[in-house]
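So you can see what is in the structure, the chains are spelled out below.
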Amino acid sequence: MVSVYGLGNPLMDIILHADHTALEKLSAVPGTMNLVEYDRQRQVIELGSDPSYSAGGSCANTIRGLAWLAGGNRELGATVYAGAVGMDDNGKRFERILEEEGVATRLARKAVPTGTSAILVTPDFERTMFTHLGACREYRTDDFDFELLPQAHIFHTTGYMWDTENQETAAKRAIVEAQQRGVQVSFDIADPFVARRYRDALIDWLPGKVDILFANLEELREMTHVDGAPESILEAAGELAPVVVMKIGERGCMIESAGGVLHVGGERVEPRDTTGAGDSFAAGFLHAYLRGRPLAECGRLANRVASRIVTVLGCNYAALDPAAVVLS
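Bear in mind the structure is a predicted one, so any value in this text is a computation, not a measurement.

## As for the sheet that holds strand 3 (residues 33-35)
Taken in spatial order, the five strands line up as 3-8-7-2-4 in an open sheet, and their pairing is mixed. For this open sheet the edge positions go to strand 3 and strand 4 (49-56), each flanked by a neighbour on one side alone. This sheet shows a mean twist of 20° between the axes of neighbouring strands, independent of strand direction. As judged from the six bridges shared by strand 7 (residues 115-121) and strand 8 (residues 127-132), these two strands associate in the antiparallel manner. Bridged to Val-121 within strand 8 is Arg-127. Against the sheet, helix 2 (residues 38-47) engages strand 2 (11-17), strand 7 and strand 8, with an angle of about 35° to strand 7.

Here it is as structure tokens:
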């Protein structure tokens, strides 16, 4: 069996430190994800310092988090990750990292470089991403292992798959197959960029396709076009999925479902780097959800994991103490 089968954009993250003048030179909005060409990404890297490298991409971070939370316990099955990488060292490195962390991979190999994301971390601990998708853009429906899908409890993907028509088509087909096989679907909008660029397409498509929708306040404000209190935004977003989970930063999260609206308070920590915070939040939520815990408890674990991941550099689960986030 498979606990969660994820489909996303495999990226090697290059995490760098920079001050706000670097973002000004790049005319970049802090905290956003920017799709860039190779030359532009090299410019970004030159403006940063102290690079470190890790396997990344929103969906991969979530699947890695689920494997880490399981801690080798496969009572609900393995975690599986699919996407496209290049026939290069970064592609091999990405696969090796995931498998060492307990994730089974279904990676398609493409004759273009593996995608990379240069992440500038500013002194306020915000991260701004400059992503060159590379091989990610080449993922197609034929690359997906549909035979494995019925073994999954949950299929998880993100709005980043809407970056190309072939990626979007593959994600949509996987979701149709998941629904037909009784596999639940979770979807993370993942970035305000996604909400702005693909808003109309997602608004038309999401209802009836997704069981759990993850987004932050800014993303749902953009999706709903409601410029009011968080409660009003969440109420409007409730039409998009049976369970909508809205992240509200250090204040925690709000959850809309048939049972009403829950506010689950966050945990205050001293942040170091917000890379992967939303992705690890989804991992914590799904880990508890798979074990049949109430939605409030799912939210508490999600907040706990997200609050811990921002205390370390990068989305590095190995740097965390599992005892600090364990389910009681």
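Back to the text.
## Here we look at the pattern of salt bridges
Within this structure, the stated rule accounts for 15 salt bridges. Residue Arg-308 is joined to Glu-267 by a salt bridge in which the shortest nitrogen-to-oxygen separation is 2.8 Å. Within this pair, whereas Arg-308 is found in helix 11 (residues 295-309), its partner Glu-267 is found in the loop between strand 14 (260-264) and helix 10 (277-290), the two being separated by 41 residues in sequence. Glu-267 sits in the partly exposed class, given a relative accessible area of 28%. A single salt-bridge network, built from bridges that share partners, covers Glu-267, Arg-304 and Arg-308.

## Considerations on the environment of Phe-125
Relative to the elements of secondary structure, Phe-125 occurs in the loop between strand 7 and strand 8. Note on Phe-125: relative accessible area 27%, which makes it partly exposed. C-alpha separation for the pair Phe-125 and Glu-75, spaced 50 residues apart in sequence, amounts to 37 Å.

## Description of the environment of Asp-273
Checked against the element boundaries, Asp-273 lands in the loop between strand 14 and helix 10. The buried category is assigned to Asp-273, whose relative accessible area is 0%. If sequence neighbours within four positions are ignored, Asp-273 has contacts with Ile-15, Val-121, Phe-125, Arg-127, Ile-309, Val-310, Val-312, Leu-313 and Gly-314. Of the polar contacts made by the side chain of Asp-273, one reaches the side chain of Thr-275; its length is 2.7 Å.

## Thoughts on the packing of helix 10 against helix 11
The contact between helix 10 and helix 11 brings their axes to 7 Å, and the two run at 145°. In terms of crossing hand, the pair formed by helix 10 and helix 11 is right-handed. Mapping the contact onto sequence places Ala-277, Ser-280, Phe-281, Gly-284, Phe-285, His-287, Ala-288 and Tyr-289 in helix 10 and Leu-295, Glu-297, Cys-298, Gly-299, Leu-301, Ala-302, Asn-303, Val-305, Ala-306 and Ile-309 in helix 11. Residues belonging to the contact of helix 10 with helix 11 are distributed by class as follows: 12 nonpolar, five polar and one charged.

## Here we look at helix 4 (residues 89-100)
With 12 residues, helix 4 should reach 16 Å at 1.5 Å per residue; the first-to-last C-alpha distance of 16 Å fits that figure. Within helix 4 the residues assigned to the buried category are Gly-91, Phe-94, Ile-97 and Leu-98. The buried side chains of helix 4 occupy one side of the element, clustering within an arc of 130° when seen end-on. Turned more than 90 degrees from where helix 4 packs its buried face, Asp-89, Lys-92 and Glu-100 sit exposed. Where the residues of helix 4 are buried, they touch strand 2, strand 4, helix 3 (58-70), strand 5 (78-86) and strand 6 (103-110). Two residues or fewer after helix 4 comes Gly-102, characterised by a positive phi angle close to 90°.

Parameters at a glance
Residues numbered from 1 in each chain as written. Predicted model: local features only at pLDDT ≥ 70, side-chain atom pairs only at ≥ 80, totals over all residues. Heavy atoms only, no water. Pairing = 2+ DSSP bridges. Helix = DSSP H or I, 4+ residues; strand = E, 2+ residues; numbered from the N terminus. Axes fitted to C-alpha atoms, helices over the stretch in contact; angles between N-to-C directions. Contact = heavy atoms within 4.5 Å. Salt bridge = Lys/Arg side-chain N within 4 Å of Asp/Glu carboxyl O. Buried < 20%, exposed > 50% of the residue type's maximum accessible area, 1.4 Å probe, protein only. Polar contact = N/O pair within 3.5 Å; in protein donor to acceptor, adjacent residues only side chain to side chain. Left-handed = near helix turned anticlockwise from the far one by under 90°. Nonpolar A, V, L, I, M, F, W, Y, C, P; charged D, E, K, R; others polar. Expected span 1.5 Å × (residues − 1). Arc of directions from axis to C-beta.

Any link to function would need more than the numbers given here.
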